[in-house]
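Here's the letter readout for the chains.
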Amino acid sequence: MIYLDHAATTPLDPAVRAAMLPWLDDVSGFGNPASDHAPGRRARAAVEAARAQVAQLIGAQAEEIVWTSGATESNNLAIKGALEFRGMSGAHIVSSRIEHKSVLDTCRYLESQGVRVAWLDPGRDGGIAVEQVLAALRPETLLVSLMWVNNETGVINPVVELAPQLRARGILFHVDAVQAAGRLPIDLAAVPIDLLSLSAHKFYGPKGIGALFVRKRPRARLAPQMHGGGHEQGMRAGTLATHQIAGMGMAAALARERLDEDAARIAALRDRLWQKLGGLPGVLRNGDPARTVPQILNLSFEGVEGESLRARLPGLAVSSGSACSAATREPSYVLRALGRDDELAGASLRFSLGRGTTGADIDAAAAQLIGAVESLRCIAHGGSSGTESTHRGGRASVRDADDESGPYPQAVWRRFIRPAHVGTIAGAVHARARTPAARAQLDLSLRLDPLQARFSAYGCPYTLAVGEWLAETLEREGAAVLRRIDAAAIRAALEIPEARAHCALMGEDVVRSLWQQIESTA
Ligand code: PMP
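Residues numbered from 1 in each chain as written. Predicted model: local features only at pLDDT ≥ 70, side-chain atom pairs only at ≥ 80, totals over all residues. Heavy atoms only, no water.

> Explain the domain arrangement of the protein chain here, please?
Accessible area lost upon the coming together of the parts is a frequently used measure of interface size. Under the domain assignment used here, the protein chain contains domain 1 (10-256), domain 2 (264-401) and domain 3 (410-521). Distance between the C-alpha centres of domain 1 and domain 3: 53 Å. (Domains from an automatic or database assignment.)

Have a look at this one:
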């Protein structure tokens, strides 16, 4: 498996793991950092050492770091905490439509509480401009919340330029720096950001631990969102997780040490991937390369359907949109905001590279992708294009795919990954069916003498499998079988679940249309 999803999460660095283990020890490491005895003091010293390490990564003071459970919590605490402290009624905040869900949903919640939010749209370059933010400010604006680096496109927002402008106007500035930390230099001694969110698992630390930078001078005031023992200067109650915190500290120290080297190496690998994939026709790069971080490459593939593309890459861990919203199965809201239509946003992949990525990974990933894209395009066009490299690239991904049927029934998977009846037959009877929104299309041709059937299809793996099964069945049993095939028969043969019944219905439509033509010519 080639892992190119480091923007979703990174593997734990072995040195980070080693730094965590002593604090999981049941004899010497278990003390509560808030306790006033030797085990407690030991744990507290570890927590404070880690606080200094995290502060160093971003040019802050140790006492400006508040531990949280991750960036989702940091974003909630920063935005809700600031608004609650200053009073919500009549308040106004400025944010953007390309923020992470943990900012979007927090701002939407505040809207439900009467706060007004100005939602900025990104430009075609994928970013938010300084002038856009300034133009959205009002006398009652309390807070601007903007991400440093977008997690889907990797586009860098001009937070460094914006910060002094907001400071001059007395407006609080919160920055979600999850994708920037450890990738770009961050110096909060020089950049007057007030609140900044971090998450350890995005820079080779453990999951479930993060931090919020809360500026001391001038002091950013927050109402706590977690009430309890008054930990973390009253901003975040709860017993501190010593092992997690020690891990985040070590991860921050390593990130700082390796920043330049990682960035240069990863940028070169990213360029190598783009060089290989950019050579394919119909591949679009999302986000302006001139303002993108090294580790992320986001591409849209024309002429292929998104689910089929991802299914054809079983040896590749990449993301479509962001992992956090993968559950909703909606095309990425960030790519739609960039002007990509639903179809193209759905056929987009985010490649995010990391410390462990090698040149061999990049070459193998590119070969799999080229194979998948060319063979899907070939199936969509009835085998009329890309045949040569389809067979070369196609075979590599098929080999990987044999045991990897994923969520698909074997009967579907086998036909999807290795269709044997793709094509169009000159002079044959031909029928076409489409789903209502034309998201999928299925073509079937049949010649009676000698008997031959071929299909072409654009759509999800079920659609392609239906095409293959129909052509296979027709060629084996002859035209008379058309009378017996309906959606129920297709679903039964391929074990198609209810949720995908529409793919079988499209099969029924194409069969009916073919039968009518045969009857009328007979
Ligand atoms: N902000 C951004 C930009 C992110 O990419 C993520 C993680 N997907 C988060 C916030 C949430 O971080 P966590 O997983 O620590 O809650």
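Next, the rest of the story.
> Could you clarify how one ought to interpret helix 6 (residues 159-168) in this entry?
Every α-helix winds through 3.6 residues per turn, so residues three or four apart in the chain are directed the same way. For helix 6, the full list of buried residues reads Val159, Leu162, Ala163 and Leu166. The buried residues of helix 6 occupy an angular sector of 110° when projected down its axis, which confines them to one face. Against helix 5 (130-136), strand 5 (141-147) and strand 6 (172-176) lie the buried residues of helix 6. Looking one or two residues beyond helix 6, the residue adopting positive phi is Gly170, at roughly 70°. (Buried < 20%, exposed > 50% of the residue type's maximum accessible area, 1.4 Å probe, protein only. Helix = DSSP H or I, 4+ residues; strand = E, 2+ residues; numbered from the N terminus. Arc of directions from axis to C-beta. Contact = heavy atoms within 4.5 Å.)

> Help me understand the side chain of Ser95 in this model?
Within the secondary structure, Ser95 is located in strand 3 (residues 92-96). Assessed through its relative accessible area of 0%, Ser95 is described here as buried. Side-chain polar atoms of Ser95 contact the backbone oxygen of Ser145, separated by 2.9 Å. Setting aside anything within four residues of it in sequence, one finds Ser95 in contact with Val103, Cys107, Ala118, Trp119, Leu120 and Ser145. (Polar contact = N/O pair within 3.5 Å; in protein donor to acceptor, adjacent residues only side chain to side chain.)

> How should the pairing of strand 15 (residues 452-458) be read in this particular structure?
Each regular strand carries side chains that alternate between the two faces of the sheet. A large share of strand 15 lies buried, amounting to seven of its seven residues. A two-sided burial pattern is seen for strand 15, the buried positions comprising Gln452, Arg454, Ser456 and Tyr458 on one face and Ala453, Phe455 and Ala457 on the other. With seven bridges connecting them, strand 14 (residues 441-447) and strand 15 associate as antiparallel partners. Each residue of the ladder has a partner; that of Arg447, found in strand 15, is Gln452. Remark: four residues form the turn of the hairpin made by strand 14 and strand 15, two consecutive strands paired antiparallel. (Pairing = 2+ DSSP bridges.)

> Got a minute to help me understand the site of the ligand in this structure?
Around the ligand lies a shell of 15 residues, among which Ala71, Thr72, Asp176, Ser199 and Lys202 are the nearest. In this structure, an oxygen atom belonging to the ligand sits 2.9 Å away from a main-chain N or O atom of Ala71. In this structure, a nitrogen atom belonging to the ligand sits 2.7 Å away from a side-chain N or O atom of Lys202. Ranked by the residues each element gives to the shell around the ligand, the list is headed by helix 3 (residues 71-86), at three residues. Grouping the amino acids of the shell around the ligand by side-chain chemistry returns four nonpolar, nine polar and two charged. (Near = heavy atom within 4 Å. Nonpolar A, V, L, I, M, F, W, Y, C, P; charged D, E, K, R; others polar.)

> Got a minute to help me understand the sheet that holds strand 13 (residues 429-434) in this structure?
Two strands in a sheet stick together by hydrogen bonds in their backbones, pointing the same way (parallel) or opposite ways (antiparallel). Taken in spatial order, the three strands line up as 13-14-15 in an open sheet, and their pairing is antiparallel. Edge positions in the sheet fall to strand 13 and strand 15, since each of these pairs with one other strand and no more. The sheet shows a mean angle of 15° between the axes of neighbouring strands, taken without regard to direction. Across six bridges, the pairing between strand 13 and strand 14 is antiparallel. Paired with Arg434 across the strands is Gln441, a residue of strand 14. Sitting on the sheet, helix 14 (residues 461-477) touches strand 14 and strand 15, and the angle it makes with strand 15 is about 175°. (Axes fitted to C-alpha atoms, helices over the stretch in contact; angles between N-to-C directions.)

> Help me out: how do you make sense of the sheet that holds strand 7 (residues 195-199) in this one?
Overall, mixed pairing links the seven strands, which are arranged 2-8-7-6-5-3-4 in an open sheet. Edge positions in the sheet fall to strand 2 (65-68) and strand 4 (116-120), since each has one partner strand and no second. Neighbour-to-neighbour, the strand axes of this sheet turn through a mean angle of 20°, independent of strand direction. Seen against the sheet, helix 6 touches strand 5 and strand 6 and runs at an angle of roughly 160° to strand 6.

> Explanation requested: the confidence of the model for the protein chain in the structure shown.
It should be kept in mind that the predicted coordinates are not to be read in detail where pLDDT is low. Confidence in the prediction for the protein chain averages 92 pLDDT; 94% of positions are at 70 or higher. A low-confidence stretch, residues 385-398 stays under pLDDT 50, and its non-local contacts, those more than four residues away or across chains, total 16 contacts. (pLDDT = per-residue confidence, 0-100.)

> What am I meant to see in the nonpolar core here?
Across soluble globular proteins, you tend to see nonpolar side chains buried next to one another. Ranked by size, the top nonpolar core spans 84 residues in total, and within it Ile58, Trp67, Trp148, Phe173, Ile193 and Leu196 carry the most contacts. Among the elements that take part in this core, helix 7 (residues 242-277) stands out by supplying six residues, more than any other. A domain split of this core shows at least three residues from each of domain 1 (10-256) and domain 2 (264-401). Leave out the neighbours within four places in its chain, and Trp67 touches Val47, Ala50, Arg51, Val54, Ile209, Gly210, Ala211, Glu232, Arg236, Leu240, Ile245 and Met248. Counting residues in hydrophobic clusters, the runner-up holds 69 residues, among them Val283, Trp413, Trp469 and Met506. (Core = buried A, V, L, I, M, F, W, Y, C linked by side-chain atoms within 4.5 Å.)

> Explain empty space enclosed by the protein here, please?
A probe matching the size of a water molecule, rolled over the atoms, marks out where space remains unfilled. Counting across every chain of the model gives three cavities of 30 Å³ or more. For the largest cavity, the lining is made up of 14 residues, of which Gly182, Arg183, Asp262, Ala263 and Ile266 are closest to its centre. Tallied by class, the residues present in the lining of the largest cavity amount to eight nonpolar, three polar and three charged. Of the residues that make up the lining of the largest cavity, three or more belong to each of domain 1 (10-256) and domain 2 (264-401). Each pocket or cavity is described by its volume, and for the second largest cavity that value is around 50 Å³. Those elements that place two or more of their residues in the lining of the second largest cavity are helix 11 (359-380) and strand 15. Split by residue class, the lining of the second largest cavity holds six nonpolar, three polar and one charged. Counting only domains with at least three residues in the lining of the second largest cavity, you end up with domain 2 (264-401) and domain 3 (410-521). (1 Å grid on protein atoms, 1.4 Å probe; cavity = no way out; pocket = protein on both sides within 12 Å on 5 of 7 lines; lining within 4 Å. Points joined across faces, edges and corners; volume = space filled by probe spheres on them.)

> Explanation requested: the packing of aromatic side chains in the structure shown.
The relative placement of two aromatic rings is captured by the distance of their centres and the angle of their planes. Evaluation of the coordinates by the stated rule reveals three aromatic pairs. Centre to centre, the rings of Tyr408 and Tyr462 are 5.5 Å apart; their planes meet at 65°, and the pair counts as edge-to-face. Taken as a pair, Tyr408 in the loop between helix 12 (387-401) and helix 13 (410-417) and Tyr462 in helix 14 lie far apart in primary sequence, 54 residues in all. A single burial state applies to Tyr408 and to Tyr462, both of which are buried. Considering the side-chain rings of Trp413 and Phe416, the 5.7 Å spacing of their centres and the 50° angle between planes classify their relative orientation as tilted. (Phe/Tyr/Trp six-rings, centres within 6.5 Å; stacked < 30°, edge-to-face > 60°.)

> Got a minute to help me understand the side chain of Ser348 in this structure?
Mapped onto the secondary structure, Ser348 falls in strand 12 (residues 348-352). In this structure Ser348 comes out as buried when scored by relative accessible area, which is 2%. A polar side-chain atom of Ser348 sits 2.8 Å from a polar atom in the side chain of Ser300. A distance of 2.7 Å separates a polar side-chain atom of Ser348 from the backbone oxygen of Leu344. Setting aside residues up to four positions removed in sequence, Ser348 forms contacts with Asn286, Asn298, Leu299, Ser300, Ser319, Ser320 and Leu335.

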